[in-house]
Amino acid sequence: MKSIARLGAKGLYWLESLGDYGRFVLSIVGWIVRGPGKLARQQTLLQMFEIGVLSIPVVMITGAFIGAVLAIEAHPQFRAIGMESRIGSVINVSVVKQIGPVLTAIMLAGRVGGALTAELGTMRVTEQIDALRAMASDPIRILAMPRFAACILMMPALTAASDALGMFGGWFMSVQMLGVDSHAYWEYSRAALDVFTINNGFLKSLFFGAAIASIACYKGFNCGPGAKGVGKACTEAFVSSFVAILVMNFFLAMLLNAIYQIIWPNAGSIFG
Amino acid sequence: MSNGPQQLPASAGPPEPHIRMVNLHKRFGSLVVLDGVSLNVAERESMVVIGPSGTGKSVLLKLIVGLLQPDSGEVYFHGQRIDHLPDRELEPVRIRFGVLFQMGALFDSMTVGENIAFPLREHTKYKPSEIRDIVAQKLRMVGLENTEQKMPAELSGGMKKRVALARAIAMDPEVVLYDEPTTGLDPIRADVINELILKLNEELHVTSIVVTHDMTSAFKVGDRLVMLSGGKVIAEGTPEQIRCCAHEEVKRFVEGKATPEELQAIRLHQVREIAGEAMFSDL
Ligand SMILES: Nc1ncnc2c1ncn2[C@@H]1O[C@H](COP(=O)(O)OP(=O)(O)OP(=O)(O)O)[C@@H](O)[C@H]1O
Ligand SMILES: [Mg+2]
């Protein structure tokens with residue numbers, strides 16, 4: 001009996017937090033719509049540099065290696081059925097649709113999400129967020145909105161960087177190391193990569209960027225006291241954003257594939 | 001300000017205090033911090049709040065500007081009830097307040113100059129050159145001229161406190177809440193800050209609420225002293241009344257004398273005894 005009550009209380013608490021998080025995201029979006037003012041715009045540019053530009057190298061490196069690994073793993077299978085020349089299509093579709101956006105999001109959640117939570121959590125603990133409120137400036141406008149906007153704006157660019165290097169890694173491995181014909185490689189890749197597939201990845205990356213920034217900021221804003229509170233907030237932000245990225249990816253994949261089926265009901269497989 | 005219908009015309013009684021706190025209660029979990037605090041602060045008055053560590057002095061200041069919400073009780077500013085207002089509606093009220101946080105709460109990603117300029121950039125239409133002048137002037141007032149380019153991390157504790165004070169008064173607020181303005185300062189610097197508080201109060205007619213443990217400062221800047229203990233106001237009066245107060249706890253606080261019970265814990269022979277026992281029990 002008692003445990004059921006406790007479970008219920010926990011469930012309620014979760015629902016309440018979820019509602020709280022929803023309101024948080026809404027007020028960020030509200031500030032973007034209303035116009036956050038000069039200071040927040042400057043901050044957004046600064047954050048685009050910190051969040052976006054500085055993440056490009058790591059995203060490119062991981063992208064290149066994943067592309068190469070895909071080639072290594074797929075090549076024997078394709079050779080077994082004598083379709084080596086078509087390996088490009090499967091590598092590039094995987095990279096552009098799934099691995100590019102998801103890997104970029106995971107890297108960003110690790111590199112940026114943790115840092116954002118720690119920064120804002122420390123500001124919370126040292127009363128800097130209270131100081132903002134006391135000076136009649138909404139901390140959501142000054143702190144959360146620029147980070148949120150920067151993440152959303154930079155995610156597609158980072159995804160593009162990861163995609164490009166993933167494609168290069170796959171090409172390098174397949175063509176230069178494993179001897180697939182370069183012309184065929186690109187021909188089949190181009191056939192498989194339609195505009196919808198490419199935009200599919202970019203669309204998802206926008207959602208991932210929104211999730212990473214809003215979760216990181218929310219956890220930082222609601223951080224518990226002391227260094228321990230900051231540490232805990234960071235861990236929670238990591239875990240929540242990883243889970244959010246993968247769950248969102250699943251549902252977005254279902255949704256986008258359903259839309260694809262509706263628009264091009266006769267579209268064949270990548271081997272078509 | 002709003003003249004609600006519930007408000008009496010000025011002639012019908014004493015003037016509405018600048019800030020009025022009515023029966024404030026605040027608890028954190030099972031810890032009762034404020035247990036029915038009612039205080040009035042008149043316009044241009046300087047009220048000092050003293051009391052032992054952890055009695056909720058900082059919490060009281062946060063309740064006044066709505067950074068925390070009371071569990072029950074009310075806060076009025078110029079007769080307008082403000083304790084239940086959401087942040088958005090509190091902003092026009094908060095703009096008229098300056099708050100010095102106990103730990104300074106400087107933005108550590110900004111320079112000293114940017115910290116002080118922050119509220120001016122946010123809420124005024126001053127040109128950058130005018131803002132620069134105001135920042136320099138405020139820094140001069142707290143004795144830190146030419147530190148605009150420093151980062152808060154490069155400053156000593158006392159310097160941070162003074163920068164925070166400069167930021168609190170940047171907007172020329174009509175009420176300033178000081179949370180331990182002289183803690184961590186050397187005696188000379190503390191005296192300068194006391195003079196600054198007095199000057200703001202007397203010349204610029206700022207209403208001030210000063211939380212402090214520094215009795216020299218309390219007697220110097222206070223028109224009225226209030227002692228908080230156990231979540232309640234246990235004494236209230238002019239500096240003279242408090243100095244001569246018969247209340248045992250107030251007297252000890254003002255003179256800085258601990259009771260024998262409070263000293264019990266650190267009696268040396270007892271420490272040895274415990275250490276000795278521990279050694280024997282180890283054998
Ligand atoms: N946000 C909070 N959450 C939980 N407890 C809190 C919070 N803020 C304050 N407290 C508790 O309320 C009590 C009063 O705190 P407060 O900071 O007001 O004390 P104080 O009178 O200012 O003490 P000091 O003179 O040491 O600054 C303390 O026991 C503190 O632990
Ligand atoms: Mg305090």
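Cut-offs and rules
Residues numbered from 1 in each chain as written. Chains lettered and ligands numbered in written order. Predicted model: local features only at pLDDT ≥ 70, side-chain atom pairs only at ≥ 80, totals over all residues. Heavy atoms only, no water. Helix = DSSP H or I, 4+ residues; strand = E, 2+ residues; numbered from the N terminus. Buried < 20%, exposed > 50% of the residue type's maximum accessible area, 1.4 Å probe, protein only. Contact = heavy atoms within 4.5 Å. Phe/Tyr/Trp six-rings, centres within 6.5 Å; stacked < 30°, edge-to-face > 60°. pLDDT = per-residue confidence, 0-100. Near = heavy atom within 4 Å. Polar contact = N/O pair within 3.5 Å; in protein donor to acceptor, adjacent residues only side chain to side chain. Nonpolar A, V, L, I, M, F, W, Y, C, P; charged D, E, K, R; others polar. Pairing = 2+ DSSP bridges. Core = buried A, V, L, I, M, F, W, Y, C linked by side-chain atoms within 4.5 Å. Axes fitted to C-alpha atoms, helices over the stretch in contact; angles between N-to-C directions. Buried area = accessible area lost by both parts, 1.4 Å probe. Salt bridge = Lys/Arg side-chain N within 4 Å of Asp/Glu carboxyl O. Expected span 1.5 Å × (residues − 1). Left-handed = near helix turned anticlockwise from the far one by under 90°. Donors = N, O, S within 2.8 Å, 3.2 Å for Na, K, Ca; no water. Disulfide = S-S within 2.5 Å.

**Some thoughts on the overall build of chain A**
Check the secondary structure of chain A and you find nine helices and zero strands. Secondary structure elements in chain A, listed N-terminal to C-terminal, are α-α-α-α-α-α-α-α-α. By residue count, 46% of the 272 residues in chain A fall in the buried class. When contacts within chain A are restricted to residue pairs at least 6 apart in sequence, long-range pairs at least 24 apart make up 86% of them.

**Quick notes on the packing of aromatic side chains**
All names here are of chain A. Under the criterion given, the structure shown has eleven aromatic pairs over all chains. When the ring of phenylalanine 24 is compared with that of tyrosine 218, the centres are 5.5 Å apart and the planes differ by 70 degrees; the resulting orientation is edge-to-face. Remark: tyrosine 218 occurs in helix H8 (residues 195-221) and phenylalanine 24 occurs in helix H1 (residues 2-34); sequence separation between them is 194 residues. Overall, tyrosine 218 belongs to the buried group, its relative accessible area being 11%.

**Remarks on the confidence of the model for chain B**
Residues and elements named next belong to chain B. Mean pLDDT for chain B: 87, with 89% of residues reaching 70 or above. Confidence over residues 1-5 falls short of pLDDT 50; this stretch has five contacts with residues more than four positions distant or in other chains. Here the prediction assigns the complex a pTM of 0.86, and the interface score ipTM is 0.85.

**Here's the deal with the site of ligand 1**
All names here are of chain B. Around ligand 1, the surrounding shell holds 13 residues, and the nearest of these are Ser53, Lys57, Ser58, Gln102 and His213. In the environment of ligand 1, an oxygen atom lies 2.4 Å from a nitrogen or oxygen atom belonging to the side chain of serine 53. Between an oxygen atom of ligand 1 and a side-chain N or O atom of serine 58, the distance comes to 2.7 Å. Taken together, the residues of the shell around ligand 1 sort by class into four nonpolar, seven polar and two charged.

**Some remarks on the pairing of strand S6 (residues 97-100) of chain B**
All names here are of chain B. Taking every second residue as pointing to the same face, both faces of S6 are buried, with Phe97 and Val99 on one and Gly98 and Leu100 on the other. Across four bridges, S6 lies against strand S7 (residues 175-179) in parallel orientation. The partner of leucine 100 across the bridge, within S7, is tyrosine 178.

**A closer look at the nonpolar core**
Generally speaking, a soluble globular protein has its nonpolar side chains buried in company with each other. Counting residues in each nonpolar core, the largest one holds 78 residues, and the members touching the most others are Ile19, Phe97, Leu177 and Ile209 of chain B. Looking at this core, the element that brings in the most residues is helix H6 (residues 139-177) of chain A, giving twelve residues.

**Considerations on the sheet that holds S6 of chain B**
Residue and element names in this part refer to chain B. Taking strand neighbours across the sheet as the criterion, the six strands line up as S6-S7-S8-S3-S9-S10 in an open arrangement whose pairing is mixed. Lying at the two open borders of the sheet, with one neighbouring strand each, are S6 and strand S10 (232-237). For this sheet, the mean inter-axis angle between neighbouring strands, taken without regard to orientation, is 15 degrees. Those strands touched by helix H1 (residues 57-64) are strand S3 (46-50), S6, S7, strand S8 (207-211) and strand S9 (224-229), and its axis lies near 155 degrees from that of S7. Lying on the sheet, helix H6 (residues 187-203) is in contact with S3, S7 and S8; it crosses S8 at an angle near 155 degrees.

**Quick notes on the interface of chain A and chain B**
In this assembly, 17 residues from chain A lie in contact with 20 residues from chain B. Taken over both partners, the interface formed by chain A and chain B buries close to 1,800 Å², and the fraction arising from carbon and sulfur atoms is 55%. Joining chain A to chain B, the criterion identifies three salt bridges. One salt bridge connects glutamate 122 of chain B with arginine 141 of chain A, and the closest N-O pair in it is separated by 2.6 Å. Taken together, chain A and chain B are joined by ten residue pairs in polar contact (both at pLDDT 80 or more).

**Here we look at helix H2 (residues 38-52) of chain A**
Residues separated by three or four positions in an α-helix point in the same direction, a consequence of the helix having 3.6 residues per turn. With 15 residues, H2 of chain A ought to run about 21 Å at 1.5 Å a step, and its terminal C-alpha atoms sit 20 Å apart, in line with that. For H2 of chain A, the complete set of buried residues consists of Leu39, Ala40, Thr44, Gln47, Ile51 and Gly52 of chain A.

**Topic: the packing of helix H4 (residues 87-125) of chain A against H6 of chain A**
Residues and elements named next belong to chain A. At a minimum axis separation of 7 Å, H4 and H6 run at an interaxial angle of 145 degrees. Considering the relative orientation of H4 and H6, their crossing is right-handed. Grouping the amino acids of the contact of H4 with H6 by side-chain chemistry returns 15 nonpolar, eight polar and three charged.

**Structural notes on the pairing of S3 of chain B**
Residue and element names in this part refer to chain B. S3 sits mainly inside the fold: five of its five residues count as buried. Side chains of S3 alternate between two faces, with Ser46, Val48 and Ile50 and Met47 and Val49 buried alike. Pairing between S3 and S8: four bridges, direction parallel. In the strand pairing of S8, valine 49 is matched with valine 211.

**Details of the coordination of the magnesium ion (ligand 2)**
Every protein donor of the magnesium ion (ligand 2) is accounted for by Ser58 of chain B (OG) and Gln102 of chain B (OE1), and the metal-donor separations fall at 1.9 to 2.1 Å. Of this pair, serine 58 of chain B sits in helix H1 while glutamine 102 of chain B sits in the loop between S6 and helix H3 (112-123), and the two are 44 residues apart along the sequence.

**Section: unusual backbone geometry**
The general pattern is negative phi for most residues beyond glycine and trans for most peptide bonds. In this structure, asparagine 23 of chain B is a non-glycine residue whose phi angle is positive, near 50 degrees. Tracing the chain through its elements places asparagine 23 of chain B in strand S1 (residues 19-28).

**Re the state of the cysteines**
Residue and element names in this part refer to chain A. Scanning the entire structure with this criterion turns up zero disulfides over all chains. Cysteine 223 forms no disulfide, and the closest cysteine sulfur to it belongs to cysteine 234, at a distance of 7.7 Å. Classification of cysteine 223 by relative accessible area gives buried; the value is 8%.

**Side note on the pattern of salt bridges**
By the definition in use, this model includes 21 salt bridges over all chains. Measuring nitrogen to oxygen at the nearest pair gives 3.1 Å for the salt bridge that ties glutamate 16 of chain B to arginine 20 of chain B. Residue classification places arginine 20 of chain B among the partly exposed positions, given a relative accessible area of 24%. In this structure, the salt-bridge partner of arginine 81 of chain B is aspartate 83 of chain B, at a minimum N-O distance of 2.8 Å. Under the relative-accessibility criterion, aspartate 83 of chain B is labelled buried at 6%. Among the ionic contacts, a cluster of salt bridges with common partners joins Asp130 and Arg133 of chain A together with Asp87 and Arg94 of chain B.

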